[in-house]
Amino acid sequence: MADDGAAILEARDLACLRGDRAVFAGLSFALAPGEALLLTGANGAGKSTLLRMLAGLLPPTEGAVLWRGNDISDDAAAHARRMRYLSHQDALKPALTVTENLEFFARLQGGAVGPALAALALAPLADLPARVLSSGQKRRLALARLALAPVPLWLLDEPTTGVDAASVERLRPLLAAHRAAGGVVVAATHIPLPLDDARDLRL
Ligand SMILES: Nc1ncnc2c1ncn2[C@@H]1O[C@H](COP(=O)(O)OP(=O)(O)OP(=O)(O)O)[C@@H](O)[C@H]1O
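Residues numbered from 1 in each chain as written. Predicted model: local features only at pLDDT ≥ 70, side-chain atom pairs only at ≥ 80, totals over all residues.

By the naming in an unreviewed UniProt entry, the protein chain is Cytochrome c biogenesis ATP-binding export protein CcmA, taken from Roseomonas fluvialis.

So this is what it looks like as structure tokens:
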């Protein structure tokens, strides 16, 4: 991941219409390598909607999302490869064990399962099927995917919901290493995240 200081992720004059209601309009920001942006705002303000746009899953009503100056819709497959999008849904395979879930994603994304298990202290749960995990444990398993293989863009929708304080702290080194390698992170949250020097965008 290059770290040349120029913006790598840019939202340019984004607008979102849902039905005939404007969720947001005229929204612009640019993030340089290593930067973090926290999205805050009331329920329904559009945080998840904006994350879906940044992920390329929802086309903007107006404006564009740019990666290194190129509209992400020009090459959706390349954008999908360069990002991890953690939505409200944990996207786990309930019948597979914790290890098997990570192996499944490692086959798609690369990376090693052992360090990802360790990053979120999941080793004691490694052989349990995902369906028996508590909601916080499921979230930790979803978060462990971030520790598999490096990609430059993390989009996190309320990543710590239901996660205990010790595991929230485990995210600190993951987030710091991602940013130190030139990655950017955009996170929607109602609660503080272990992120230093994050910028704020209140929707
Ligand atoms: N598929 C949809 N069709 C129509 N309206 C939608 C759709 N999805 C979301 N909305 C509306 O868009 C607005 C923004 O929703 P969004 O989920 O982005 O908010 P949020 O800021 O993430 O909220 P929360 O803090 O509750 O997670 C809401 O008014 C919601 O009702």
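### A closer look at the nonpolar core
If you look at soluble globular proteins, the nonpolar side chains tend to sit buried side by side. By size, the foremost hydrophobic cluster in this structure holds 49 residues, and its most contacted members are Ala144 and Leu155. Per-element accounting of this core gives the leading share, 5 residues, to strand S8 (residues 184-188). (Core = buried A, V, L, I, M, F, W, Y, C linked by C-beta atoms within 7 Å. Buried ≥ 20, exposed ≤ 12 C-beta atoms within 10 Å, placed from the backbone. Helix = DSSP H or I, 4+ residues; strand = E, 2+ residues; numbered from the N terminus.)

### A look at the site of the ligand
Surveying the vicinity of the ligand reveals the residues Arg18, Gly19, Val23, Gly41, Asn43, Gly44, Ala45, Gly46, Lys47, Ser48, Thr49 and Ala188. When residues of the shell around the ligand are assigned to their parent elements, the largest contribution, 3 residues, is made by helix H1 (residues 47-54). Here the shell around the ligand is built from residues that sort into 3 nonpolar, 7 polar and 2 charged. (Near = placed C-beta within 6 Å. Nonpolar A, V, L, I, M, F, W, Y, C, P; charged D, E, K, R; others polar.)

### So, the UniProt feature "domain: ABC transporter" (unreviewed entry) in the protein chain
When the UniProt feature table is mapped to this numbering, "domain: ABC transporter" (unreviewed entry) covers residues 9-203. The distance from the first to the last C-alpha atom of residues 9-203 is 18 Å, and the span holds 31% helix and 27% strand. (UniProt positions renumbered as here; feature names shortened; annotations may be inferred.)

### Regarding the sheet that holds strand S9 (residues 199-202)
Strand order in this open sheet of 5 strands is S6-S7-S8-S3-S9, and the pairing throughout is parallel. Looking at the sheet topology across the chains shown, the edges are occupied by strand S6 (83-86) and S9. The average undirected angle you get between the axes of adjacent strands in this sheet is 15 degrees. One ladder, built from 4 bridges, connects strand S3 (residues 36-40) with S9; its direction is parallel. Within S9, the residue paired with Thr40 across the bridge is Arg202. Across the face of the sheet, H1 comes into contact with S3, strand S7 (153-157) and S8 while running at roughly 150 degrees to S8. (Pairing = 2+ DSSP bridges. Axes fitted to C-alpha atoms, helices over the stretch in contact; angles between N-to-C directions. Contact = placed C-beta atoms within 7 Å.)

### Some points on helix H3 (residues 98-109)
Given a rise of 1.5 Å per residue, 12 residues ought to cover 16 Å, and the 16 Å separating the end C-alpha atoms of H3 matches this to within 8%. Along H3, the residues that are buried comprise Val98, Asn101, Leu102 and Phe105. The buried residues of H3 occupy an angular sector of 95 degrees when the element is viewed end-on, so they sit on one face. Downstream of H3 by a residue or two, Gly110 has a phi angle that is positive, lying close to 85 degrees. (Expected span 1.5 Å × (residues − 1). Arc of directions from axis to C-beta.)

### Regarding the sheet that holds strand S2 (residues 21-31)
What links the strands of a sheet is backbone hydrogen bonding, and the strands pair in either a parallel or an antiparallel sense. Strands sit in the order S2-S1-S4-S5 across an open sheet of 4 strands; the sheet is antiparallel. Of all the strands in the sheet, the pair left with one neighbour each is S2 and strand S5 (70-71). Bridging between strand S1 (residues 9-18) and S2 involves 7 bridges; their strand directions are antiparallel. If you follow Glu10 over to S2, its bridge partner there is Ala30. Strands S1, S2 and strand S4 (62-67) of the sheet are contacted by H1, whose axis makes an angle of about 125 degrees with S1.

### Concerning the environment of Asp196
Structurally, Asp196 can be placed in the loop between S8 and S9. Overall, Asp196 belongs to the exposed group, with 9 C-beta atoms counted inside 10 Å. Asp196 sits 14 residues away from Gly182 along the chain, and the two C-alpha atoms are 15 Å apart.

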